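Structural overview for review
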Amino acid sequence: MSQVASTNGDKGDLRLETLTKEFGTFTAVDAIDLVVPQGHFFALLGPSGCGKTTTLRMVAGLETPTSGHIMLGEREVTYEKPYRRPVNTVFQNYALFPHLDIFENIAFGLRRRKVSDVREQVGAMLSLVELESQAKKMPSQLSGGQQQRVALARALINEPEVLLLDEPLGALDLKLRRAMQIELKRIQTEVGLTFVHVTHDQEEAMTMADTIAVMNAGVIEQMGPPSVLYDNPATTYVANFLGQSNLIAGEIVGNDADSLVVEMQGTKASIPRDRAHTDSGAGWVGIRPEKVLISEIDGVLDAPGSRIAGGVISDVSFVGVSTQYLVKMPWGQELMVFEQNTGHRGLFQVGTPVDLSWHPEYAFLLDADQDVEAGRQLEDAAV
């Protein structure tokens, strides 16, 4: 069954149909189906080895699929040469021509095609990426962020239907990377092209993408808007890889029209039915750390959910905007709690007894057959 970001029917949609890539006995991409609507910013997110870059390379024509189809609108491009596809790629290493100035780097594709209005088009691109004053400089004279914008302009000037971005911000430092995330999204919105962005960085994907496909071992675990994937993950892998989650063993003991009741370590928790990905037997009750409320024993908790008593602070990390607590629970599990530092009270100290709670509408329920550790502590590297 196809995974579809949208069903707007635009004839310029990028469609992957049972796309598979095998290297000997290893299956890098395993019969994935998806639709990227024309004009969307789409992210393939996953750790090293998940198949995201192999997927991108097949779309670019740099890898030949073992089976399946790649469609751009009504045009099949599965086996077309890379230079015949209406697709351009921006790589992490920029691949600028060191002997050409910025103007000529951007103009390179136009000159090969013998386009007449080179100066006008390059000028427009320099304006788009805000590098008008750098036109006569050499690539070595620019910062990493500026070089990345030149690479982007050089790709966009060829007017591709789809722009592929392979870890384009991976070589930048944190502050510059965050600034470039905003810039990339601004440029994509302004030009209205389809961007397909490969990254292992969850924050990067969530900041820029309209739709994220989380990949794992060659398949798509879940796909949708960033807020949906974060707030209502369908698998333990997505819950753990996209941010952090507390996953607590429980057993479904009741239900009504709108919710399920789960017995969870001696406490009953209510889970909205539309956030429950199993409906009987055992399950993992999930709650994001920033949704957990914490108080001193018998203190005020602004939550209508069940109160879980008997916790003890085992670790405190002050990170400026918030304080991150680990709380050892009576059954031995450590739960994460992220509390915003509003200044209304001081920090809890290690060893302090506390109570926890949360609003029921923020919890989710996952199938107990799934590995509770899936997606945790995965290596941050690109494939």
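Residues numbered from 1 in each chain as written. Predicted model: local features only at pLDDT ≥ 70, side-chain atom pairs only at ≥ 80, totals over all residues. Heavy atoms only, no water.

**Points about the nonpolar core**
Selection criterion: Residues belong to one nonpolar core when they are buried, are Ala, Val, Leu, Ile, Met, Phe, Trp, Tyr or Cys, and are joined through side-chain atoms within 4.5 Å. Here the term buried applies to any residue with accessible area under 20% of the maximum for its type, exposed to any over 50%, and partly exposed to those in between, with areas from a 1.4 Å probe on protein chains only. Secondary structure elements follow DSSP: runs of H or I no shorter than four residues count as helices, runs of E no shorter than two count as strands, and numbering proceeds from the N terminus. In this analysis, two residues are considered to be in contact whenever any of their non-hydrogen atoms come within 4.5 Å of each other.
Counting residues in hydrophobic clusters, the biggest one holds 48 residues, and the most contacted among them are Ile 106, Val 122 and Leu 156. Considering each element in turn, this core owes the most residues, six residues, to helix H4 (residues 144-156). Once you skip the residues sitting within four places of it in the chain, Leu 156 turns out to touch Met 125, Leu 128, Leu 163, Ile 187, Val 191, Leu 193 and Phe 195. One finds Leu 19, Leu 56, Ile 220 and Met 223 within the second-largest nonpolar core, a separate group that totals 27 residues.

**Quick notes on the pattern of salt bridges**
Pairing is possible between side chains that carry opposite charge, provided their charged atoms lie close to one another. Definition in use: Salt bridges, as used here, are contacts in which a Lys or Arg side-chain nitrogen is within 4 Å of a carboxyl oxygen on Asp or Glu.
Across all of its chains, the model carries 16 salt bridges by this definition. For the salt bridge of Lys 268 with Glu 263, the shortest nitrogen-to-oxygen distance reads 3.2 Å. On the accessibility criterion, Lys 268 (48% relative accessible area) is partly exposed. Here the residues in one salt-bridge network are Glu 130, Glu 183, Arg 186 and Glu 190, joined through shared partners.

**Re the UniProt feature "domain: ABC transporter" (unreviewed entry) in the protein**
Condition: UniProt positions are given in the numbering used here, feature names are shortened, and annotations may be inferred rather than shown by experiment.
Mapped onto this numbering, the UniProt entry annotates "domain: ABC transporter" (unreviewed entry) at residues 14-242. Taken end to end, residues 14-242 is 35% helix and 27% strand, and its two terminal C-alpha atoms sit 25 Å from one another.

**Some details on the sheet that holds strand E14 (residues 267-272)**
To keep it simple, the criterion reads: Two strands qualify as a pair provided that DSSP identifies no fewer than 2 bridges between them. Axis lines are fitted through C-alpha atoms, for helices just across the contact stretch, and the angle between N-to-C directions can take any value from 0 to 180 degrees.
Taking strand neighbours across the sheet as the criterion, the five strands line up as E14-E13-E12-E15-E21 in an open arrangement whose pairing is antiparallel. The open sheet has two edge strands with one neighbour each: E14 and strand E21 (364-367). For this sheet, the mean inter-axis angle between neighbouring strands, taken without regard to orientation, is 45°. Examined bridge by bridge, strand E13 (residues 259-264) and E14 share six bridges and lie antiparallel to one another. Note that in E14 the partner of Leu 260 across the bridge is Ile 271.

**A look at the side chain of Arg 154**
How we decide: Here Asp and Glu are counted as negative and Lys and Arg as positive; His is not counted, and neither are the chain ends.
Mapping Arg 154 onto the fold places it in helix H4. One buried charged side chain, Arg 154, makes no salt bridge at all; its nearest oppositely charged neighbour is Asp 101, positioned 11 Å away. Aside from chain neighbours lying at most four places away, what touches Arg 154 is Asn 88, Tyr 94, Ala 95, Leu 96, Phe 97, Asn 105 and Ile 106.

**Some thoughts on the environment of Val 327**
Mapped onto the elements, Val 327 comes out in strand E18 (residues 322-328). Given a relative accessible area of 0%, Val 327 falls into the buried group. Through-space distance from the C-alpha of Val 327 to that of Val 262 is 21 Å; in sequence the pair is 65 residues apart. Apart from residues lying up to four places away in sequence, Val 327 is in contact with Ile 294, Gly 311, Val 312, Ile 313, Ser 314, Gln 333, Glu 334, Leu 335, Val 337, Val 354 and Leu 356.

**Focus: helix H5 (residues 174-191)**
This is how it is decided: The span you would expect from a helix comes to 1.5 Å times its residue count less one.
The end-to-end C-alpha distance of H5 is 26 Å, a good match for the 26 Å that 18 residues give at a rise of 1.5 Å each. Tucked inside the fold, the buried residues of H5 contact strand E4 (41-45), helix H3 (118-128), H4, strand E8 (162-166), strand E9 (194-199) and helix H6 (202-208). Just past H5, the residue Gly 192 takes up positive phi, approximately 75°.

**Regarding helix H1 (residues 52-60)**
Among the nine residues that make up H1, eight are buried, leaving the element largely enclosed by the rest of the structure. Those residues of H1 that fall on the buried side of the exposure criterion are Lys 52, Thr 53, Thr 54, Thr 55, Leu 56, Met 58, Val 59 and Ala 60. The positive-phi residue at the C-terminal boundary of H1 is Gly 61, with phi of around 90°.

**Comments concerning the packing of helix H2 (residues 102-112) against H4**
The relative placement of two packed helices is expressed as an angle between their axes plus a distance between the axes. Let me state the cut-off plainly: For classification, angles of less than 35 degrees are called roughly parallel, those exceeding 145 degrees roughly antiparallel, those between 65 and 115 degrees roughly perpendicular, and all remaining angles oblique. By definition, any crossing whose near helix is turned counterclockwise from its far helix by less than a right angle is left-handed, and any crossing with a clockwise turn is right-handed. As a working rule, the residues Ala, Val, Leu, Ile, Met, Phe, Trp, Tyr, Cys and Pro are called nonpolar, Asp, Glu, Lys and Arg charged, and the rest polar, with Gly in that last group.
Between H2 and H4, the shortest axis-to-axis distance is 7 Å and the interhelical angle comes to 30°. Here H4 runs roughly parallel to H2, going by the angle between their axes. Both H2 and H4 take part in a crossing whose hand is right-handed. On the side of H2, the interface is formed by Ile 102, Asn 105 and Ile 106, while H4 contributes Val 150, Ala 153 and Arg 154. Of the residues belonging to the contact of H2 with H4, the class tally is four nonpolar, one polar and one charged.

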